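Fold and contact review
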Amino acid sequence: MLIHIGCWVCVVQIHFVILINRQGKVRLTKWYSPYTQKERTKVIRELSGLVLNRGPKLCNFVDWRGLKAVYRRYASLYFCMCIDQDDNELEVLEIIHHYVEVLDRYFGSVCELDLIFNFHKAYYILDEILIAGELQESSKKTVARLIAAQDSLVEAAKEQESSISNIIAQATK
Amino acid sequence: MEQLRTIGRELAMGSQGGFGQSKEFLDLVKSIGEARSKAEEDRIVLSEIETLKRRIIEPDIPKRKMKEFIIRLVYVEMLGHDASFGYIHAVKMTHDDNILIKRTGYLAVTLFLDENHDLIILIVNTIQKDLKSDNYLVVCAALNAVCRLINEETIPAVLPQVVELVNHPKEAVRKKAIMALHRFYQRSPSSVSHLVSNFRKKLSDNDPSVMGATLCPLYDLITVDANSYKDLVVSFVSILKQVAEHRLPKSYDYHQMPAPYIQIKLLKILALLGTGDKQASEHMYTVVNDITRKADTSSNIGNAVLYECVCCAAAIYPNPKLMETASSTISRFLKQSDSHNLRYMGIDALSRLIKLNPDIAEQHQLAVIDCLEDRDDTLKRKTFELLYRMTKSSNVEVIVDRTIDYMISINDSYYKTEIASRCVELAEQYAPSNQWFIQTMNKVFEHAGDLVNRKVVHNLMHLIAEGFGEDDDAVDSQLRLSAVSVLDHFLFT
């Protein structure tokens, strides 16, 4: 029996986020409720089956094991967030879109390849938008600023490294 | 074309440097992308796991390399394989002073571990230290980890520091600290019960994101004890009014709506505070009507806000004007014949208003029937839920018969069980005659007998044994006969 912490009454409780492509390949998974590795595999398999086989003009919401899966297709990728029955599905559909818009802004016209080769960045961004399964930040500007601050650390560190290695290279000539 | 894009991207990444540099990882991702079957993909991943197992225990691995190994492990687990041999290395990375290494370590442990994992004990000290860091980005990384990895037992170790961070100069830190306290409340309400005043104070934080975050714990607290927060009704209404009037910075606009996610949170809170309370509700009517008027009906988020307004109207003390507004919102949703999403939200909203205004379903009868017969299963099921809530003695036969027909067509046993139970419940509650009751139960058992609760079967047997209290013995025994033949059918097939 797949369990989830359904007893917390929250403003919105997202149990997990899954990104898969049309072939069912996983591009990103984030779990906010307890699921063992085995359960996760089962969840992904079942949800992929449901979502990938749904016709294009139907609801973006699907019943699944007493929960609701809200999903949306963007080019070759399906973004899926799982919520409780009583939550506002339309709002969650837009939370997905909010995440996609931030990704788009960050990568500059994001595509599946960006997420494949930079999945760790997709996680850092997701961690600014959702936290503990709830919406954390609705301002794209704020998310972008935080990610930029983190990225500038990366740049600064690289510069430091390259300048150090230059010094070493000079010294050992 | 696709190939060119890949090469171009590789070149770009090579010049960017950073994580994307390793050819090994690129090759791994490419080969998995080109795998023609799950079996082939599994083989590649398992081989990668063997490689990592060997290399990760080598002595003197450069930190950059270890960082990459950990990312590869994250990737492997994302694909459904076990990388637990690497967890300890991720934990060690969180201890590192270099923020890049530390950050990768935190990312990895929040993906690998859950709050009950044995390794948490090795991270708590680091988290405690990092929460006190001068670098707010380190504090943020630690708070992210707190929101994922702290459970009831470890709350005391970090609570004092997190409470202090609620007043940190950086808004990102304050926001995350509040979300952390919210999570502590969910894990152990008593651990933060003395901090409620913090949440109240942060409602008036200068930063809208911090204010928005505060609504999360407040919502939970109000759910449990609305009375203690009635004094905040006026504040919430005032905030909602200001938000709707575009008084927050433009960066909180989303698709031309002013801070709609915050509007939605506030509407949910008001719904709780106004339930059964005429006085509290009276403060809310104007603002809810205004928001309904202002909301953008052409966007999803606008309709999400409108839906929330209807939910609020349905929950609080009823008001005729608000009911009318809610009803027209529902009409508009149901009329969108090309939007399954909106019709779905309309049916859901309708079932919330049913209690207050039973006639409202009749007004939308045709639209409801259309939804019932739609090929979209999600919409159909939502409509059956509406029917379930609309059932009374006068319509129970039609509704239950229709529901059973649908139940027969369902393959999904989870949902079939739910529908079967609903039919039984309605039959027991509203059955117009014993004959109909028996026939209905028979149909349910015939098609979902193995799914129906044992207790229900026993109740039925009991009923038959006791008789139905009919005065006419002939009728009674006739019913018993038909009941027995019915049960005989499903007991012995």
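How each quantity is defined
Residues numbered from 1 in each chain as written. Chains lettered and ligands numbered in written order. Predicted model: local features only at pLDDT ≥ 70, side-chain atom pairs only at ≥ 80, totals over all residues. Heavy atoms only, no water. Contact = heavy atoms within 4.5 Å. Buried area = accessible area lost by both parts, 1.4 Å probe. Salt bridge = Lys/Arg side-chain N within 4 Å of Asp/Glu carboxyl O. Helix = DSSP H or I, 4+ residues; strand = E, 2+ residues; numbered from the N terminus. Nonpolar A, V, L, I, M, F, W, Y, C, P; charged D, E, K, R; others polar. Disulfide = S-S within 2.5 Å. Buried < 20%, exposed > 50% of the residue type's maximum accessible area, 1.4 Å probe, protein only. Pairing = 2+ DSSP bridges. pLDDT = per-residue confidence, 0-100. Polar contact = N/O pair within 3.5 Å; in protein donor to acceptor, adjacent residues only side chain to side chain. UniProt positions renumbered as here; feature names shortened; annotations may be inferred. Axes fitted to C-alpha atoms, helices over the stretch in contact; angles between N-to-C directions. Expected span 1.5 Å × (residues − 1). Core = buried A, V, L, I, M, F, W, Y, C linked by side-chain atoms within 4.5 Å. Parallel < 35°, antiparallel > 145°, perpendicular 65-115°, else oblique. Left-handed = near helix turned anticlockwise from the far one by under 90°.

**Remarks on the interface of chain A and chain B**
Contacts between the two partners involve 71 residues from chain A, matched on the other side by 77 residues from chain B. Contact between chain A and chain B buries roughly 6,900 Å² in total, counting both sides, with carbon and sulfur atoms accounting for 57%. At the boundary of chain A with chain B, the tally comes to five salt bridges. In this structure, Glu137 of chain A engages Lys175 of chain B in a salt bridge whose closest nitrogen and oxygen atoms are separated by 2.7 Å. Among the elements that take part in the side of chain A that touches chain B, helix α5 (residues 140–171) of chain A stands out by supplying twelve residues, more than any other. Taken together, the residues of the side of chain A that touches chain B break down into 32 nonpolar, 14 polar and 25 charged.

**A short note on the state of the cysteines**
Such a bond, covalent and formed between the sulfur atoms of two cysteines, is termed a disulfide. This structure, assessed with the given rule, holds zero disulfides over all chains. Sulfur of Cys59 of chain A: no disulfide; nearest cysteine sulfur belongs to Cys371 of chain B and is 8.8 Å away. Residue classification places Cys59 of chain A among the buried positions, given a relative accessible area of 0%.

**A closer look at the side chain of Thr110 of chain B**
Relative to the elements of secondary structure, Thr110 of chain B occurs in helix α6 (residues 99–112). Judged by relative accessible area, which is 6%, Thr110 of chain B ranks as buried.

**A look at the pattern of salt bridges**
Inspection of every chain in the model, using the stated rule, returns 42 salt bridges over all chains. Measuring nitrogen to oxygen at the nearest pair gives 3.0 Å for the salt bridge that ties Asp127 of chain A to Lys30 of chain A. With a gap of 97 residues between them, Asp127 of chain A in helix α4 (residues 119–129) and Lys30 of chain A in strand β2 (residues 26–31) connect regions that are remote in the sequence. On the accessibility criterion, Asp127 of chain A (10% relative accessible area) is buried. Connected via shared salt-bridge partners are Glu24, Glu48, Arg55, Lys65, Glu68 and Arg72 of chain B.

**Notes on the pairing of strand β4 (residues 67–74) of chain A**
Residues and elements named next belong to chain A. Where burial is concerned, most of β4 is hidden: six out of the eight residues are buried. Sheet topology note: the strand β3 (residues 61–64)/β4 ladder contains four bridges and is antiparallel. Bridge assignment links Phe61 to a residue of β4, and that residue is Val70. Hairpin remark: β3 followed by β4, antiparallel, with two residues in the connecting loop; positive phi at Arg65, about 50°. Relative to strand β5 (residues 77–84), β4 is paired through eight bridges, and the arrangement is antiparallel. Within β5, the residue paired with Arg72 across the bridge is Phe79. With antiparallel pairing between neighbouring strands as the criterion, β4 and β5 make up a hairpin whose turn holds two residues, including Ala75 at a positive phi of roughly 55°.

**What about the confidence of the model for chain B?**
All names here are of chain B. Considering every residue of chain B, the mean pLDDT works out to 88; 90% of them sit at 70 or more. Scored below 50 in pLDDT, residues 1–19 shows 19 contacts in the model against residues more than four places distant or in partner chains. With pTM at 0.90, the complex prediction returns an ipTM value of 0.90.

**A short note on the environment of Asn395 of chain B**
Residue and element names in this part refer to chain B. Within the secondary structure layout, Asn395 lies in the loop between α23 (377–390) and α24 (396–409). Given the relative accessible area of 18%, Asn395 is considered buried. A sequence separation of 35 residues divides Asn395 from Tyr430, and the C-alpha atoms of the two residues are 9.1 Å apart. Engagement of the side chain of Asn395 in a polar contact is seen with the backbone oxygen of Met390, the distance being 3.2 Å.

**Considerations on the UniProt feature "domain: AP complex mu/sigma subunit" (unreviewed entry) in chain A**
Mapped onto this numbering, the UniProt entry annotates "domain: AP complex mu/sigma subunit" (unreviewed entry) at residues 13–152 of chain A. As annotated, residues 13–152 of chain A has a helix share of 46% and a strand share of 27%, and its two end C-alpha atoms lie 32 Å apart.

**Quick look at the sheet that holds β5 of chain A**
All names here are of chain A. With antiparallel pairing, the five strands of this open sheet are ordered in space as β2-β1-β5-β4-β3. Whereas interior strands pair on both sides, the edge strands pair on one side only; in this sheet they are β2 and β3. On average, adjacent strands in this sheet sit at an angle of 20° to one another, irrespective of strand direction. The strands touched by helix α2 (residues 89–107) are β2, β3, β4 and β5; relative to β4, the strand with the most contacts, the crossing angle is about 40°.

**Looking at helix α15 (residues 260–274) of chain B**
Along its 15 residues, α15 of chain B runs 21 Å from first to last C-alpha, staying within 8% of the 21 Å computed at 1.5 Å per residue. A large share of α15 of chain B lies buried, amounting to 14 of its 15 residues.

**Points about the environment of Leu19 of chain A**
Turning to its location among the elements, Leu19 of chain A is positioned in strand β1 (residues 14–21). Residues contacting Leu19 of chain A, with those up to four places away along its chain left out, are Lys25, Val26, Arg27, Leu28, Tyr78, Phe79 and Leu115 of chain A.

**Let's talk about the nonpolar core**
Among the nonpolar cores identified, the biggest contains 212 residues, and Phe79 and Leu130 of chain A together with Leu113, Leu181, Phe184 and Phe236 of chain B are the most heavily contacted of them. What Phe184 of chain B contacts, discounting residues up to four positions off in sequence, is Val146, Ile150, Ile155, Val158, Leu159, Val162, Pro189, Ser191 and Val192 of chain B.

**Some words on the side chain of Asn319 of chain B**
Mapped onto the secondary structure, Asn319 of chain B falls in the loop between α18 (300–315) and α19 (320–335). For Asn319 of chain B, the side chain forms a polar contact with the main-chain nitrogen of Lys321 of chain B, separated by 3.2 Å.

**Here we look at the pairing of β5 of chain A**
All names here are of chain A. β5 sits mainly inside the fold: eight of its eight residues count as buried. As defined by bridge partners, β1 adjoins β5 across seven bridges and the pair is classed as antiparallel. Looking at β5, one finds that Ile14 is bridged to Ile83.

**What to know about the packing of α4 of chain A against α6 of chain B**
At their nearest, the axes of α4 of chain A and α6 of chain B sit 11 Å apart, and the two run at 80° to each other. Relative to α6 of chain B, α4 of chain A is oriented roughly perpendicular. Touching His120, Tyr123, Tyr124 and Asp127 of chain A of α4 of chain A are Arg103, Thr104, Leu107 and Leu111 of chain B, all from α6 of chain B. Looking at the contact of α4 of chain A with α6 of chain B, its residues break down into four nonpolar, two polar and two charged.

**Concerning the packing of helix α14 (residues 233–244) of chain B against α15 of chain B**
All names here are of chain B. Axis separation between α14 and α15 bottoms out at 10 Å; the angle between their running directions is 155°. Our classification of the angle between α14 and α15 gives roughly antiparallel. Here the hand of the crossing between α14 and α15 comes out left-handed. The segment α14 lies against α15, with Val233, Phe236, Val237, Ile239, Leu240, Val243 and Ala244 engaging Ile262, Gln263, Leu266, Leu267, Ile269, Leu270 and Leu273. Split into classes, the residues belonging to the contact of α14 with α15 amount to 13 nonpolar, one polar and no charged.

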